2 protein chains.
Amino acid sequence: MDVADLTPAQARERFRGGERRPTAGWCRGWTQANLIAVPKALAYELLLFAHRNAQACPVLDVGEAGAFQTRLFPGDLRTDLPGYRVYRDGRPVADRDAVVAEWREDLVPFLIGCSFTFEQALLAEGVPVRHLEQGSNVPMYVTGVPCEPSGVLSGPLVVSMRPVPEPLVATAVEVSGRYPMVHGAPVHVGDPAELGIDDLARPDFGDPVEVRAGEVPVFWACGVTPQAAIMASGVDFAIGHLPGHMAIIDARDDDYRVT
Amino acid sequence: MDVADLTPAQARERFRGGERRPTAGWCRGWTQANLIAVPKALAYELLLFAHRNAQACPVLDVGEAGAFQTRLFPGDLRTDLPGYRVYRDGRPVADRDAVVAEWREDLVPFLIGCSFTFEQALLAEGVPVRHLEQGSNVPMYVTGVPCEPSGVLSGPLVVSMRPVPEPLVATAVEVSGRYPMVHGAPVHVGDPAELGIDDLARPDFGDPVEVRAGEVPVFWACGVTPQAAIMASGVDFAIGHLPGHMAIIDARDDDYRVT
């Protein structure tokens, strides 16, 4: 069965079984989300950070402290994502297939919107999505653009990049702009140096993709931004998803489309 | 000088001097906001309550704990509103012109969007605004509609009401819908009983207004909703604005308009 045809529950079951793969293209029509789980003591500052940097950190759902389910994720947040990254003192210390042992009773899980949500809409309007063509993870870059701080939390904006043929840039902007809760329109079109990105061939997360002649790199705010803030701020403990290895939730892409 | 022509700084200066009046119609083109200040220990649950009930509680700005300024309110939140309501153990215990003595070092101030923001746009499209005509406060009602809880916080939706001539209802919906960050489109048009409101002539906050023949009562989510939650939840301490007596902030109504 093509992974595009799986339901979220079926995909979660596969990941619970240990499959570690980027989720771009999985569960067509269903929404994917970034995970960031922080100790309750930091939950206010994280939620305010998300509010103050809403394009990068649109909050789709928040669980109770210690819960490993949320309304939109009726699975087990400790096992049902394909990959996790554990942070201690602001440093990634382990990538895991499951975080049952690491999950703490005081952890508050946040699900943050993901730009994979509008990729089917881009394709439907004829905008190619290179990492889907390549069967790879989307490239993500830590920029030089600072987020607005919240308490102890500060850090740079993280972006995802998709190369878009010049004649289709306006379409890509317009189509993604219809999904403001999953990053919406791009934050930048064109020269990566404007964002402080040195080399498109060396993404900070995910895989590089080919930018062909006549294509422009287009950058969207990325829900890995909270993880960059965890690192930049030296937060003592947090668990995120492995970039590109998303939580697949019981919501439809269309739920986040505005008209 | 007509109060409509005052700048926010001028209005704040007047209120600092002790003037207690509803602010509908003040500072034309400038944005007004609801205030709710809660102890830091409750700030996370309040921010999450606001997020979960975003149409009623759109967060425009959040101050640091103990601060009495925010980015959008460069005055003194303890003196520069025309009226305050102090809550203890979920009960309103005092209405005040200033809350210098009551303000605590652990209070976190939240500014929440207000439907006054789209009233000039309604007028510009020919939709009358009765409480402005009457020179009174907008009528507000506690409904029977429950908000989504957050931790200890739960409570009913509060709405404001404006009577709209039937042929202009669609216009009123469309115009206010352009301002999603200040409650946006109505939550209900027509029969007040549908919201659990018994008697339009007896609002829970503000003043009653005349509903004329051929007019329909139209209800918008209201930023007094957090204060209703403070009451319903028995929160030990909070300070709000006196309903209708808003914080006038350094933002333009147009800043909250989407196209």
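Calculation notes
- Residues numbered from 1 in each chain as written.
- Chains lettered and ligands numbered in written order.
- Predicted model: local features only at pLDDT ≥ 70, side-chain atom pairs only at ≥ 80, totals over all residues.
- Heavy atoms only, no water.
- Buried < 20%, exposed > 50% of the residue type's maximum accessible area, 1.4 Å probe, protein only.
- Helix = DSSP H or I, 4+ residues; strand = E, 2+ residues; numbered from the N terminus.
- Pairing = 2+ DSSP bridges.
- Core = buried A, V, L, I, M, F, W, Y, C linked by side-chain atoms within 4.5 Å.
- Contact = heavy atoms within 4.5 Å.
- Salt bridge = Lys/Arg side-chain N within 4 Å of Asp/Glu carboxyl O.
- Buried area = accessible area lost by both parts, 1.4 Å probe.
- Polar contact = N/O pair within 3.5 Å; in protein donor to acceptor, adjacent residues only side chain to side chain.
- Nonpolar A, V, L, I, M, F, W, Y, C, P; charged D, E, K, R; others polar.

Residues and elements named next belong to chain B. Among the 10 residues that make up strand E1 (residues 30-39), 9 are buried, leaving the element largely enclosed by the rest of the structure. By the bridge criterion, 3 bridges tie E1 to strand E11 (residues 247-252) in an arrangement that is antiparallel. Counted as the bridge partner of Gln32 is Ile248 from E11. As paired strands, E1 and strand E5 (residues 107-113) are joined by 7 bridges and run antiparallel to one another.

Residues and elements named next belong to chain B. In terms of burial, strand E9 (residues 215-221) is largely enclosed, as 7 of its 7 residues are buried. Neither face of E9 is exposed, since Glu215, Pro217, Phe219 and Ala221 on one face and Val216, Val218 and Trp220 on the opposite face are all buried. When strand E7 (residues 156-165) meets E9, the two strands line up antiparallel, connected through 7 bridges. Along E9, the bridge assignment pairs Met161 with Phe219. Taken together, the 2 bridges between strand E8 (residues 188-189) and E9 define a ladder with antiparallel strand orientation. When the bridges of E9 are listed, His188 appears paired with Phe219.

Right, let's talk about the side chain of A:Arg78 for a bit. Looking at the element boundaries, A:Arg78 is found in the loop between strand E2 (59-62) and strand E3 (84-88). Under the relative-accessibility criterion, A:Arg78 is labelled buried at 17%.

Attention now moves to the nonpolar core. If you look at the biggest cluster of nonpolar residues, it comprises 68 residues, and the most contacted ones within it are A:Tyr44, A:Phe110, B:Tyr44, B:Phe110 and B:Ile230. Excluding residues that lie within four positions of it along the chain, B:Phe110 makes contacts with A:Tyr44, B:Asn34, B:Leu35, B:Ile36, B:Val38, B:Ala43, B:Leu46, B:Leu47, B:Asp61 and B:Val62.

Note that side chains of opposite charge can pair when their charged atoms are close. Inspection of the entire model under this criterion finds 35 salt bridges over all chains. One salt bridge connects A:Arg130 with A:Glu215, and the closest N-O pair in it is separated by 2.6 Å. In this pair, A:Arg130 sits in helix H4 (residues 130-134) while A:Glu215 sits in strand E9 (residues 215-221), placing the two residues 85 residues apart along the sequence. By relative accessible area, which is 15% here, A:Glu215 ends up buried. B:Arg52 is the salt-bridge partner of B:Glu148, the closest N and O atoms lying 3.9 Å from each other. Taken together, the residues span a long stretch of sequence, with B:Glu148 in the loop between strand E6 (140-146) and E7 and B:Arg52 in helix H2 (residues 40-52) at a distance of 96 residues.

Attention shifts here to the interface of chain A and chain B. Contact residues are listed per partner, giving 14 residues for chain A and 14 residues for chain B. Buried area between chain A and chain B, summed over both chains or domains, comes out near 1200 Å², and the portion from carbon and sulfur atoms is 58%. On the chain A side of the interface with chain B, the three residues burying the most area are A:Tyr44, A:Leu47 and A:His51, jointly 45% of the side's total. Two residues, A:Glu64 and B:Arg52, come together in a salt bridge whose shortest N-O distance is 3.7 Å. Between the two partners, chain A and chain B, sit 4 residue pairs in polar contact (both at pLDDT 80 or more). Those elements that place two or more of their residues in the side of chain A that touches chain B are helix H2 (40-52), E2 and strand E5 (107-113) of chain A. With 8 residues, the single largest contributor to the side of chain A that touches chain B is H2(A). Per-class residue counts for the side of chain A that touches chain B are 8 nonpolar, 2 polar and 4 charged.

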